[in-house]
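Secondary and tertiary structure notes
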Amino acid sequence: MPELPEVETTRRGIAPHCEGQTITGVTVRNPSLRWPVPEDLAQRLEGQVIRTVDRRAKYLFLNLDGGTVIVHLGMSGSLRIIADDSPPMTHDHIDLQLQSGATLRFNDPRRFGCWLWADRATEHPLIASLGPEPLSPEFNGGLLFRASRGKQTPVKSFIMDNHVVVGVGNIYANEALFKAGIHPRRKAGRISADRYHRLAEAIRETLSAAILMGGTTLRDFVNSDGKPGYFAQSLLVYGRTGQPCPDCERPLKEIRMNNRATVYCSRCQR
DNA sequence: AGCGCGACCTGGAGGC
DNA sequence: TGCCTCCAGGTCGCGC
């Protein structure tokens, strides 16, 4: 489900209900996520106050006084605020009871997500080596250009590499490459600085537009209120194989790259 | 070292 | 209705 806009939408949805709240109870129904949920999670959390809810890449941080819960939603995870005491459904793996009476509930059918503990989140191995945030000032075309010199890997794989820039998942990689007019298979090391400036701008635009619209809803994404996002209506190429290119009207092509659907216009993208 | 791919899971859609 | 195959928004870590 979630790419960066969905994760940010989730953060904005849950933060007001979590920040300043004492955790009064922890229920782990299924600890078998991507990595096992720490056995002492409840012990660490109970009685602690959630100070802030932050995001780094697609990770959410529940910051407590003595450390951080690092949450990833994987492909199918979601966090909801449950106001009443409605019973857990299938795949509701973790509940945090809050002092307010609300529950922060984690659901993840495929269990690719994770809940981890870190004394210092920024030093955790999963976090420490991440590239810059795509919406931060340090992310720009120059950075992409420098990082790509000598790279043989296709540009689509390059911008989806979290060590280069975080938060560019499959949907938005397809969209940004279309906007920048770059063929997804072009070797990263053979793209000019000018074109990387356009690409960086396209990434920034695509992600911020999606955040404004509450994320992309394909199938079953719901944000923390249970509402869908509306960015799917704005997708230019993803999910539109065979339909006319928005610019030149030639049918959009689809190939597989790293086993992921890759949609592009063979005329507009070179 | 850089790159590509398998692996981790469940469920929905579509074909027969 | 049921069974089977394919597909899915992520990303780690292995093998070449």
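Because the structure is a prediction, the values reported are computed rather than measured. (Residues numbered from 1 in each chain as written. Chains lettered and ligands numbered in written order. Predicted model: local features only at pLDDT ≥ 70, side-chain atom pairs only at ≥ 80, totals over all residues. Heavy atoms only, no water.)

**Notes on the sheet that holds strand S1 (residues 23-28)**
Ordered by their spatial adjacency, four strands build an open sheet running S1-S6-S7-S5, and the pairing between neighbours is antiparallel. Because the sheet does not close on itself, it has two edges, and the strands there are S1 and strand S5 (78-82). Mean inter-strand twist for the sheet, computed between neighbouring axes without regard to direction, equals 15°. Bridge analysis of S1 against strand S6 (residues 92-98) gives five bridges, and the strand direction is antiparallel. Counted as the bridge partner of Val28 is Ile94 from S6. Contacting S5, S6 and strand S7 (103-107), helix H1 (residues 4-18) runs over the sheet at an angle of about 35° to S5. (Pairing = 2+ DSSP bridges. Helix = DSSP H or I, 4+ residues; strand = E, 2+ residues; numbered from the N terminus. Axes fitted to C-alpha atoms, helices over the stretch in contact; angles between N-to-C directions. Contact = heavy atoms within 4.5 Å.)

**What to know about the packing of H1 against helix H7 (residues 193-212)**
The interhelical angle for the contact between H1 and H7, taken along N-to-C directions, is 40°, at an axis separation of 9 Å. When the axes of H1 and H7 are compared, the pair comes out oblique. As for the relative orientation of H1 and H7, their crossing is right-handed in sense. Where H1 approaches H7, its residues Leu4, Pro5, Glu8, Thr9 and Arg12 are matched on the opposing element by Leu207, Ala210 and Ile211. (Parallel < 35°, antiparallel > 145°, perpendicular 65-115°, else oblique. Left-handed = near helix turned anticlockwise from the far one by under 90°.)

**Here's the deal with a positive patch on the surface**
Together, Arg250, Lys253, Arg267 and Arg270 give the surface a local cluster of positive charge. When you line up the elements, Arg267 lands in the segment after strand S10 (260-264). Arg267 sits in the partly exposed class, given a relative accessible area of 47%. (Patch = residues over 30% accessible without salt bridge, like charges linked within 9 Å, V, L, I, M, F, W, Y side chains within 5 Å. Areas by Shrake-Rupley, 256 points an atom, 1.4 Å probe, with all protein chains shown as cover. Salt bridge = Lys/Arg side-chain N within 4 Å of Asp/Glu carboxyl O. Lys, Arg positive; Asp, Glu negative; His and termini not counted. Charge placed at Lys NZ, Arg CZ, Asp CG, Glu CD. Buried < 20%, exposed > 50% of the residue type's maximum accessible area, 1.4 Å probe, protein only.)

**Description of the pattern of salt bridges**
Across all of its chains, the model carries 14 salt bridges by this definition. The partner of Asp92 in a salt bridge is Arg105, with the nearest N and O atoms 4.0 Å apart. Remark: Arg105 occurs in strand S7 and Asp92 occurs in strand S6; sequence separation between them is 13 residues. You can call Arg105 buried: its relative accessible area is 7%. The closest approach of N and O atoms between Arg105 and Asp95, which form a salt bridge, is 2.8 Å. Here Asp95 lies in strand S6 and Arg105 lies in strand S7, a separation of 10 residues in the sequence. Each member of the pair, Arg105 together with Asp95, is buried. Each of the salt bridges in this network shares a partner with another, and the network as a whole consists of Glu8, Arg11, Arg12, Arg55, Arg56 and Glu133.

**A short note on helix H4 (residues 141-148)**
All of the buried residues along H4 are Gly141, Gly142, Leu143, Leu144 and Ser148. Tucked inside the fold, the buried residues of H4 contact helix H5 (155-159) and H7. Measuring from the backbone nitrogen of Gly142 back to the side-chain oxygen at the start of H4 gives 3.0 Å, which picks out Asn140 as the cap. Once H4 finishes, Gly150 follows within two positions and takes phi at roughly 85°, a positive value. (Polar contact = N/O pair within 3.5 Å; in protein donor to acceptor, adjacent residues only side chain to side chain.)

**Side note on the protein's contact with DNA strand B**
Contacts to DNA strand B come from His91, Pro109, Arg110, Arg111, Phe112, Lys151, Gln152, Thr153, Pro154 and Asn258. A share of 63% of the atoms of DNA strand B within 4 Å of the protein falls on sugar and phosphate groups. In this structure, His91 approaches DNA strand B through a side-chain N or O atom, which is 2.6 Å from a phosphate oxygen. Contact distances for DNA strand B include 2.8 Å between a phosphate oxygen and a side-chain N or O atom of Arg111. Within the surface near DNA strand B, the residues separate by chemical class into three nonpolar, four polar and three charged. (Near = heavy atom within 4 Å. Nonpolar A, V, L, I, M, F, W, Y, C, P; charged D, E, K, R; others polar.)

**Considerations on the pairing of strand S4 (residues 68-72)**
Counting buried positions along S4 gives five out of five residues, so the element sits mostly inside the fold. Strand direction decides the pairing type here: strand S3 (residues 59-63) and S4, joined by five bridges, are antiparallel. Among the inter-strand pairings, Leu62 is bridged to a residue of S4, identified as Val69. Turn length for the S3-S4 hairpin, with the two strands adjacent in sequence and antiparallel, is four residues, and the turn residue Gly67 shows positive phi of about 160°. Judged from the five bridges that link them, S4 and strand S8 (residues 114-118) form a sheet pairing that is antiparallel. Bridging across to S8, Thr68 finds its partner in Ala118.

Scope: geometric values only; no functional claims are made or implied.
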